[in-house]
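What the coordinates show
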Amino acid sequence: MVGTPRERAREQTLQDITRIGREHLAAVGAAALSLRAVARDLGVVSSAVYRYVASRDELLTLLVVDGYTELGSEVDAAVNAVAAEDFRGQFVALGRAVRSWAIREPARYGLLFGSPVPGYDAPGEQTTGPGTLVVTRLIGIIDAAHRAGALTVREGPDLSDTLAMDLEGVRKELGTDLPPDAAVRATLVWVSLFGSVNFEVFGQYGSDTFSDASEIFERHLALLADVAGLT
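Quick caveat, the model's predicted, so the values are computed rather than measured. (Residues numbered from 1 in each chain as written. Predicted model: local features only at pLDDT ≥ 70, side-chain atom pairs only at ≥ 80, totals over all residues. Heavy atoms only, no water.)

Scanning the model with the defined rule gives six aromatic pairs in all. Aromatic pair Tyr68 and Phe113: ring centres 5.9 Å apart, planes at 80°, arrangement edge-to-face. Here the residue Tyr68 occupies a position in helix H4 (residues 56–80), and Phe113 occupies one in helix H6 (residues 106–113), the gap between them amounting to 45 residues. Taking the relative accessible area as the measure of exposure, Tyr68 reaches 14% and is therefore buried. On the basis of an interplanar angle of 35° and a centroid distance of 4.8 Å, the ring pair of Phe113 and Phe194 is categorised as tilted. Within this pair, whereas Phe113 is found in helix H6, its partner Phe194 is found in helix H10 (residues 180–201), the two being separated by 81 residues in sequence. Judged by relative accessible area, which is 9%, Phe194 ranks as buried. Linked through ring pairs, Tyr68, Tyr109, Phe113, Phe194 and Phe202 together constitute an aromatic cluster. (Phe/Tyr/Trp six-rings, centres within 6.5 Å; stacked < 30°, edge-to-face > 60°. Helix = DSSP H or I, 4+ residues; strand = E, 2+ residues; numbered from the N terminus. Buried < 20%, exposed > 50% of the residue type's maximum accessible area, 1.4 Å probe, protein only.)

This is the structure:
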């Protein structure tokens, strides 16, 4: 840590609050989180915690940012370990990293991608950046493949003016020049990847449908790589 002793102490306390918040999230769920309970486990009076985190919503925001940031870091590490020219391999590494983190941290994954917490509205100015780390990296892989001439580009049906404008806004925001149909396919890959993980983490396949969920996930990844055009 850097900064003054007071700043370091504050940062350490916030880290402790976040750590205990993660433990409570796994134990009781997001809706039942309590700052008083966090203060008790931290060994301080509740008024002391309120100097760092003013409300349950602020605690949830800490946990949301913490979860998105950790997931993004694990995805980056996995993708960076693959050769720069192996775009399909990078995509597979990204998908595996998302699934691995979700299975290891189901409560935190559920906070990020599950049902909304009643009464909580995540502040976009704090959560949008961390929340788009994975999709930005995913689109970056597909865009890099396109720039390298390694992306299979298909001609799709004409887009409506509304969708064309929306996609243009997304392309500008992400700094990509993917053709429209490639952008549509990338969007499908994004939502399908997380949909596949959701089905496994939230038990939506049922308890006895697949004996080895990892195998069907690998098949999904291969199919999604094909959809994206990563040959």
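For the pair helix H1 (residues 5–28) and H6, interaxial distance at closest approach is 8 Å and the crossing angle is 90°. The angle between H1 and H6 falls in the class roughly perpendicular. Each of Arg22, Leu25 and Ala26 in H1 lies in contact with H6, whose residues at this interface are Ala107, Arg108 and Leu111. Grouping the constituent residues of the contact of H1 with H6 by class yields four nonpolar, no polar and two charged. (Axes fitted to C-alpha atoms, helices over the stretch in contact; angles between N-to-C directions. Parallel < 35°, antiparallel > 145°, perpendicular 65-115°, else oblique. Contact = heavy atoms within 4.5 Å. Nonpolar A, V, L, I, M, F, W, Y, C, P; charged D, E, K, R; others polar.)

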